[in-house]
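Spelled out, the chains give:
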Amino acid sequence: MKKITILRFLVTKSLIMLLVLTSCSEKKTITPENNTINIQGKLSGYDQSQGLMTYDEYDLLKKTRKNKFDIDSTGYFNFDITIEKPIKATLDFGRVMIKGNGNNRYVYLFLNPGDSIYIESDMDIISDKDIIKKTLKLKGSGAVNSTFANKEDYTFNSYTQRRNNNYTFIVEKQAADYTKTIDSIKEAKLKYLKEYQKTHQLSEKLVEVYKDEYENLAIIRKFNYPSSHEGYTNGEIAVLPDNYYDFVKDFKISDHLEEKGLPYLRFLHFYITNKLNLEKAQGKDPEFLDFVDQELKGKAKYIYLAYSLGTDFKAEVYNQFGKNCPYTDLALIVADKYGHLEKMLPGKPSPLFNLLDINDKKITSTDLFSKSFTYIDLWATWCKPCIAEFPSLYKLKEEYKDKNIKFVSLSIDKNKQDWIEYVTEHNLEGIQLWVDPENKKIIDDGFNITMIPRFVLLDPQGKILNANAPKPSNDKDIRKIFDTILNEKN
């Protein structure tokens, strides 16, 4: 046997080294200190030099983090991260195409501050697509929780299950039956978790996180079912029972959002948005802040509002964190995270940038955004939700064609030729422009563009009225805004 190779030590007097056998040599896991997590492992059947760790920390408004790590020629890796609260993580070892289908090589982790973990697995999924499942071994203080994370995924996230959940059930089942199916899946997961706890000492935080995920995913699927069913069946409208949306009444939002982390806040934003839209569909018209105040109280309300600024930077929400904000810790976080977005507030000038038309003629934003209100559609040829807005956009254009509103469609396609071909093939009318990568960065920074489709409304002086204006498909909201600004000028 070769000599024992000790890679490095981070030890205190009270910490114990864990011995792990790897390959022909023995390597010792490094027991972390304080809030440091040590992650190391040895892969076989692997020829890449890097992996990617993506993780969420269950702490106040902590963003999703990504950490690349090196893997040597023997498949060995070893790195540390520092955290203050538990994390749920995915180690991504790359995607492999097998018979035309992409197969991800993932290992899942659930770790607490101070944990260490050692990972062994064969990654040769070309020879056996289930090889990771068959060979994965985890050791160290984070092994029990992380083993559950992987086994739970193997149990409930097979290709067939994903296809059923994301397509087959939506197409084939009517609303009442679909609801029962989704609830049965949730109950099966909860039962699996409960049974697993009988023989394994899972952390309280892991149990809480997974229970939340099971509940929240069921709600997401029920909200999405009507539109997904219509989309997948070429327009067949789902017949919903009168009590279909009772699940909304039954759901209780956590009062302790500071401990829930970003995944829960993502869900909560989805839930609040859809519940608000549901009330609007029922003839009510609550203002966003009034609605949030109805749903959340105390610090939980302010945490959610702080999160919502990342996707929809509204002046009225941002102003909640001024000098009168009752939670100074949140006010400081908002100022740090979003203070640079003050340039998006109403009345601020639009950023200056250049555009190109289909004939390669340069057009400046200064010339374009003057003399009339301007409604900008940021889109791309590969963006299906963007293209889905076209019919509503055309209808809006026609309705306001004699008004002082200019409609500008702005493509952010990386390849200009893709845009030219799409515009030509589909006979897109009106002002069709393309932005190169350099000017796109100016637009992204100026309007905080994180996803598309995105719509921006400017006044006749090129100043911002709404940097995240309603989409054309939100017909009542956008028409209300158009009619208001037009009447103010008359």
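Each chain has its residues counted from 1, following the order in which its sequence is written. Owing to the predicted nature of the model, reporting of local features is limited to residues with pLDDT of at least 70; listing and counting of side-chain atom pairs is limited to 80 or more, with chain, interface and lining totals taken over all residues. Side-chain numbers here rest on the full set of heavy atoms in the structure, without hydrogens or water.

What about the overall build of the protein chain?
- Put simply, DSSP marks the helices as runs of H or I at least four residues long and the strands as runs of E at least two long, and each gets a number from the N terminus on. Each helix and strand in the protein chain was counted, giving 17 helices and 17 strands.
- Based on the C-alpha atoms only, the size of the protein chain along its principal axes is roughly 85 × 55 × 55 Å.
- Exposure classes here rest on a 1.4 Å probe applied to the protein chains alone. A residue is buried below 20% of its type maximum, exposed above 50%, and partly exposed in between. For the protein chain, the residues scored as buried account for 47% of the 490 residues in total.
- What makes two residues a contact is simply this: any of their non-hydrogen atoms within 4.5 Å. Once local pairs closer than 6 in sequence are excluded, the contacts in the protein chain between residues at least 24 apart make up 62%.
- Accessible area for the protein chain stands at about 25,600 Å²; split by element, carbon and sulfur atoms hold 50% of it.
- Counted charges follow a simple rule, with Lys and Arg positive, Asp and Glu negative, and His plus the chain ends left uncounted. Where a charge lies is defined by one atom per residue type, namely NZ (Lys), CZ (Arg), CG (Asp) and CD (Glu). Both charge centroids of the protein chain, one from 71 positive and one from 70 negative side chains, sit 3 Å from each other. Values of accessible area rely on a 1.4 Å probe in the Shrake-Rupley scheme; residue burial ignores everything except the protein chains shown.

Observations concerning the packing of helix H3 (residues 159–172) against helix H4 (residues 175–199)
- In this analysis, axes come from line fits to C-alpha atoms, helices being fitted only over the stretch in contact, and the angle between any two N-to-C directions falls in the range 0 to 180 degrees. Packing of H3 against H4 brings their axes to within 10 Å, and their N-to-C directions diverge by 150°. For the element pair H3 / H4, the angle class is roughly antiparallel. As H3 packs across H4, the resulting crossing turns out to be right-handed. Judged by residue contacts, Asn 165, Phe 169 and Ile 170 of H3 engage Tyr 178, Thr 181 and Ile 185 from H4.
- Residue polarity follows a fixed list, in which Ala, Val, Leu, Ile, Met, Phe, Trp, Tyr, Cys and Pro are nonpolar, Asp, Glu, Lys and Arg are charged, and the others, Gly among them, are polar. Among the residues forming the contact of H3 with H4, the class breakdown is four nonpolar, two polar and no charged. Roughly parallel means an angle under 35 degrees; roughly antiparallel means over 145; roughly perpendicular covers 65 to 115; every other angle is labelled oblique. By convention, the crossing between two helices is left-handed when the near helix turns anticlockwise from the far helix through less than a right angle, and right-handed when the turn is clockwise.

Some thoughts on the layout of surface pockets
- Buriedness of a pocket was judged along seven lines, with at least five required to meet protein on both sides within 12 Å; pockets are open sets of points on a 1 Å grid over the protein atoms alone, cavities are sets where a 1.4 Å probe fits but cannot get out, and lining residues have an atom within 4 Å of a point. Grid points are joined across faces, edges and corners, and a volume is the space filled by probe spheres set on the points. The calculated volume of the second largest pocket comes to roughly 830 Å³.
- Forming the walls of the second largest pocket are 21 residues, and the residues nearest its centre are Asn 103, Asn 104, Lys 129, Tyr 159 and Arg 162.
- Counting only elements with at least two residues in the lining of the second largest pocket, the list comes to strand S7 (87–98), strand S8 (101–111), helix H1 (131–135), helix H2 (143–156) and H3.
- Counting residues per element, the lining of the second largest pocket draws most heavily on S8, at six residues.
- Class assignment for the residues of the lining of the second largest pocket results in eight nonpolar, six polar and seven charged.

A closer look at the sheet that holds strand S6 (residues 76–82)
- The sheet built from four strands is open, its strands ordered S6-S3-S9-S10 with mixed pairing. Lying at the two open borders of the sheet, with one neighbouring strand each, are S6 and strand S10 (137–139). The mean angle between the axes of side-by-side strands here comes to 15°, regardless of whether they run parallel or antiparallel.
- In this structure, strand S9 (residues 116–122) lies alongside S10, joined through three bridges in antiparallel fashion. One bridge is not enough; two strands pair if DSSP finds at least two bridges between them.

Some details on the side chain of Asp 377
- Inspection of the secondary structure puts Asp 377 in strand S13 (residues 373–379).
- For this analysis, a salt bridge means a side-chain nitrogen from Lys or Arg found within 4 Å of a carboxyl oxygen belonging to Asp or Glu. The side chain of Asp 377 is buried and forms no salt bridge, while Lys 397, the nearest opposite charge, is found at 7.1 Å.

What to know about empty space enclosed by the protein
- Taken as a whole and judged by the stated rule, the model has one cavity of 30 Å³ or more.
- Here the largest cavity defines a volume of roughly 40 Å³.
- For the lining of the largest cavity, the secondary-structure elements that each account for two or more residues are H4 and helix H5 (204–232).
- Residues that form the lining of the largest cavity fall into these classes: five nonpolar, no polar and three charged.

Points about the sheet that holds strand S5 (residues 65–70)
- Taken in spatial order, the four strands line up as S5-S4-S7-S8 in an open sheet, and their pairing is antiparallel. On the outer flanks of this sheet lie S5 and S8, each paired with one strand and no other. Put simply, the sheet's adjacent strands are angled 25° from each other on average, direction ignored.
- Two strands pair when backbone bridges link them, and strand S4 (residues 50–57) and S7 are joined in this way by six bridges, in the antiparallel orientation. In the sheet register, Thr 54 faces S7, and the bridge partner there is Thr 90.

A few points about the packing of aromatic side chains
- Two rings belonging to Phe, Tyr or Trp (six-membered ring only in the last case) form a pair when the distance between their centres is within 6.5 Å. Interplanar angles under 30 degrees mark stacking, angles over 60 mark edge-to-face geometry, and anything in between is tilted. Going through the model one piece at a time under the given rule, you end up with 40 aromatic pairs.
- Seen in terms of ring centroids, Tyr 192 and Tyr 196 are 6.0 Å apart; in terms of plane orientation they differ by 40°. Their pairing is tilted. Taken together, the residues span about one helical turn, with Tyr 192 and Tyr 196 both in helix H4 at a distance of four residues.
- Judged by relative accessible area, which is 8%, Tyr 196 ranks as buried.
- Grouping aromatic residues by their ring pairs yields a cluster made of Tyr 178, Phe 223, Tyr 225, Tyr 244, Tyr 245, Phe 247, Phe 251, Tyr 264, Phe 267, Phe 270 and Tyr 271.
- The ring of Tyr 210 has Lys 88 lying over it, and the distance from NZ or CZ to the ring centre is 4.4 Å.
- Positioned above the aromatic ring of Phe 288, the side-chain terminus of Lys 314 is 4.2 Å from the ring centre. Whether a charge lies above a ring is judged from NZ of Lys or CZ of Arg, which has to be within 6 Å of the ring centre and within 35 degrees of the ring normal.

Let's talk about the environment of Tyr 394
- Tracing the backbone through its elements, the reader meets Tyr 394 in helix H14 (residues 390–399).
- When the C-alpha positions of Tyr 394 and Pro 472 are compared, they lie 8.8 Å apart, and in sequence the two are 78 residues distant.

Topic: the confidence of the model for the protein chain
- For every residue, the predictor assigns a confidence score, pLDDT, that lies between 0 and 100. For the protein chain, per-residue confidence averages 89 on the pLDDT scale, and 93% of positions sit at 70 or higher.
- The low-confidence segment residues 1–29 (pLDDT under 50) makes 57 contacts with residues lying over four places distant or belonging to another chain.

Description of the pairing of S7
- Inspection of the sheet shows S7 paired to S8 by ten bridges, in the antiparallel sense. Looking at S8, one finds that Met 97 is bridged to Gly 102.
- Between the antiparallel neighbours S7 and S8 lie two residues, among them Lys 99 with a positive phi of about 55°.

Describing the packing of H4 against H5
- It is the contact of H4 with H5, at a shortest axis distance of 10 Å, that shows an interaxial angle of 170°. With respect to H5, the axis of H4 lies roughly antiparallel. Within the contact between the two elements, H4 uses Ala 175, Tyr 178, Thr 179, Ile 182, Asp 183, Ile 185, Lys 186, Lys 189, Leu 190, Leu 193 and Gln 197 and H5 uses Leu 206, Val 207, Tyr 210, Lys 211, Tyr 214, Glu 215, Leu 217, Ala 218, Arg 221, Lys 222 and Tyr 225.
- The residue makeup of the contact of H4 with H5, split by class, is 13 nonpolar, two polar and seven charged.

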